[in-house]
Amino acid sequence: DTEVTQTPKHLVMGMTNKKSLKCEQHMGHRAMYWYKQKAKKPPELMFVYSYEKLSINESVPSRFSPECPNSSLLNLHLHALQPEDSALYLCASSQDSQTGLSYEQYFGPGTRLTVT
Amino acid sequence: AQKITQTQPGMFVQEKEAVTLDCTYDTSDQSYGLFWYKQPSSGEMIFLIYQGSYDEQNATEGRYSLNFQKARKSANLVISASQLGDSAMYFCAMRDQTYNQGGKLIFGQGTELSVKP
């Protein structure tokens, strides 16, 4: 099973709302990632979790708050977002993040977020 | 600094023909990995093929092959016998062995491929 699932598929939220994106994998992967992607652009890395600890934060604004409750789950908590945060948010996982150059990242289908 | 360049923003190919998507990379590391991903309009990034910097043979996966020319720092994707379902955005990406990068993939800007019937 090489599936990464993400919920919800679509989300519309106001600038004062609090919402969460969820990601789950059951491949035994120890690295999980959040990406933000604008239309016709490559994904931009936001956060990396390695063995349930935050290992990379790409200077993401604090209105985005990641959480890794266990090795299979990854959440992204959203609060006081701006319209420019509207994008496709992709979750990915890989066997490891520190070793194994060949470890491909498996991506979920993404959450299309619209901030009004 | 690591960099991936995809010079073809958009390409058209006739169904059943082969197509080559270009990718050049820049890294000072000797050990690195190159990946190609496909992203249909639905949004999911689909892993296609991987080539390691020390691999002597070009990688192949079904209709996908990677034309790896290390001296030229190029890693072009070749799709044989194009199908309508191949219409998508294609991203070339690289990962190099820099510990603090934590598995970070460097992506190119992508090539949008359209397959004509």
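Residues numbered from 1 in each chain as written. Chains lettered and ligands numbered in written order. Predicted model: local features only at pLDDT ≥ 70, side-chain atom pairs only at ≥ 80, totals over all residues. Heavy atoms only, no water.

## Some remarks on the overall build of chain A
Here's step 1: A tally of helices and strands in chain A yields zero helices and eleven strands.
Here's step 2: Over its C-alpha trace chain A gives a radius of gyration of 13 Å, about what one expects of a compact globule, namely 13 Å for 116 residues.
Here's step 3: If one aligns the C-alpha atoms of chain A with their principal axes, the spans along those axes are about 40 × 25 × 25 Å.
Here's step 4: Partitioning the intrachain contacts of chain A with sequence separation of at least 6 by distance along the chain shows that 56% fall at a separation of at least 24.
Here's step 5: Accessible surface, chain A: about 5400 Å² in total, of which carbon and sulfur atoms supply 48%.
Here's step 6: Considering chain A, the positive charge centre built from 12 side chains and the negative charge centre built from 11 side chains are found 9 Å apart. (Helix = DSSP H or I, 4+ residues; strand = E, 2+ residues; numbered from the N terminus. Rg over C-alpha atoms; globule rule 2.2 N^0.38 Å. Contact = heavy atoms within 4.5 Å. Areas by Shrake-Rupley, 256 points an atom, 1.4 Å probe, with all protein chains shown as cover. Lys, Arg positive; Asp, Glu negative; His and termini not counted. Charge placed at Lys NZ, Arg CZ, Asp CG, Glu CD.)

## A few points about the overall build of chain B
Here's step 1: In terms of helices and strands, chain B carries zero helices and twelve strands.
Here's step 2: The order of α-helices and β-strands along chain B, N terminus first, is β-β-β-β-β-β-β-β-β-β-β-β.
Here's step 3: Taking all 117 residues of chain B together, the buried fraction comes to 49%.
Here's step 4: Residue pairs at least 24 apart in sequence account for 56% of intrachain contacts in chain B once pairs closer than 6 positions are excluded.
Here's step 5: Surface summary for chain B: the accessible area is close to 5700 Å², and the carbon and sulfur share equals 46%.
Here's step 6: Averaging the positions of the 10 positive and the 12 negative side-chain charges in chain B gives two centres separated by 3 Å. (Buried < 20%, exposed > 50% of the residue type's maximum accessible area, 1.4 Å probe, protein only.)

## A word on the sheet that holds strand β1 (residues 4-7) of chain A
Residues and elements named next belong to chain A.
Here's step 1: Strand order in the open sheet formed by four strands is β1-β3-β8-β7, and the pairing between neighbours is antiparallel. Each edge of the open sheet carries a strand with a single partner, namely β1 and β7 (64-70). Strand-to-strand twist across the sheet, computed as the mean angle between neighbouring axes with direction ignored, equals 20°.
Here's step 2: As paired strands, β1 and strand β3 (residues 18-25) are joined by four bridges and run antiparallel to one another. Directly across from glutamine 6, in β3, lies its bridge partner cysteine 23. (Pairing = 2+ DSSP bridges. Axes fitted to C-alpha atoms, helices over the stretch in contact; angles between N-to-C directions.)

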